[in-house]
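# Survey of secondary and tertiary structure
Take a look at the letters that make up each chain.
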Amino acid sequence: MKITPLAIPDVLLIAPVRHGDERGWFSETFRQSALDEAGFKGGVFVQDNHVRSTTRGIVRGLHFQRPPLGQAKLLRCARGAIFDVAVDIRVGSPTYGQWVGAELSADNALQLLVPEGFAHGYCTLTDECEVLYKVTGYYAPQAEGTLRFNDPALAIDWTIPGTELSANARDAAAPLLADLASPYVYEA
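Values in this document were obtained by computation on a predicted structure and should not be read as measured data.

Basis of the calculations
- Sequence order as written defines residue numbering, which begins from 1 separately in each chain.
- Local features in this predicted model are restricted to residues whose pLDDT is 70 or higher, and side-chain atom pairs enter the listing and the counts only when it is 80 or higher, whereas totals over whole chains, interfaces and linings include all residues.
- Processing note: side-chain calculations cover all non-hydrogen atoms of the structure and skip hydrogens and water entirely.
- Only DSSP runs of H or I with at least four residues qualify as helices, and only runs of E with at least two residues qualify as strands; both kinds are numbered from the N terminus onward.
- Only protein chains enter the accessibility calculation, which uses a 1.4 Å probe; a residue is then buried when its area is under 20% of its type maximum, exposed when over 50%, and partly exposed in between.
- For this analysis, residues touch if any pair of their heavy atoms sits within 4.5 Å.
- Areas reported here follow the Shrake-Rupley algorithm with a probe of radius 1.4 Å; residue values treat only the protein chains shown as occluding.
- Lys and Arg are tallied as positive, Asp and Glu as negative. Neither His nor the chain termini are counted.
- A charged residue contributes its charge at one atom only: NZ of Lys, CZ of Arg, CG of Asp or CD of Glu.
- Counted as salt bridges are all cases of a side-chain nitrogen of Lys or Arg within 4 Å of a carboxyl oxygen of Asp or Glu.

### So, the overall build of the chain
Scanning the chain for helices and strands turns up two helices and 15 strands. When its C-alpha atoms are laid out on the principal axes, the chain stretches across 55 × 40 × 30 Å. Within the span of the chain, comprising 188 residues, buried residues form 47% of the whole. By sequence separation, contacts in the chain at least 24 residues apart represent 80% of the contacts at least 6 residues apart. Accessible surface computed for the chain: about 9400 Å², of which carbon and sulfur atoms make up 52%. Looking at charge distribution, the chain has the averaged site of its 16 positive side-chain charges lying 3 Å from that of its 22 negative ones.

So, in structure tokens, the structure goes:
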């Protein structure tokens with residue numbers, strides 16, 4: 001596994017190795033010890049989720065869970081392609097309000113590790129996408145938080161035109177960064 005920190009170094013891009021022959025390929029998609037060696041201190045993954053989206057341009061996010069029920073997420077796209085984004089919402093962070101993103105697809109097999117303290121979301125780049133992700137905390141609806149995916153202050157480039165994006169009512173009405181009372185504080 002090749003693990004690379006992105007421009008916000010707490011967010012990691014993971015490239016699993018595929019071993020193939022005439023029958024197909026095999027890939028180890030998760031190894032806790034590799035994450036530990038890369039400096040991930042976000043805990044143990046306790047739940048797996050599987051999401052299917054039917055059309056291109058669906059935005060899911062930007063979501064987070066408030067402490068003490070926060071979650072780190074490890075995501076991969078098993079069908080189709082997505083543009084995956086993490087926004088730093090840790091008050092006092094030198095990268096507060098900044099985002100990083102990566103294209104994850106069934107073809108490139110890349111994964112994104114989003115630690116606690118980040119709002120997370122993705123946009124489907126193809127029809128018929130399936131996303132698999134692990135989380136370090138159980139889903140807790142009472143701890144849910146959202147940040148507006150199209151906030152001009154964030155200026156996220158979802159890689160497809162804004163007129164082609166669609167989100168559910170909750171995500172479309174989420175708070176702007178300027179109105180967010182973030183529960184996360186940066187620790188150097």
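That covers the picture; the talk isn't over yet.
### A look at the pattern of salt bridges
By the definition in use, this model includes ten salt bridges. Ionic contacts of the salt-bridge type, sharing partners, join the residues Asp-10, Asp-88 and Arg-90 into one network.

Everything listed here is a matter of geometry and, on its own, says nothing about what the molecule does.
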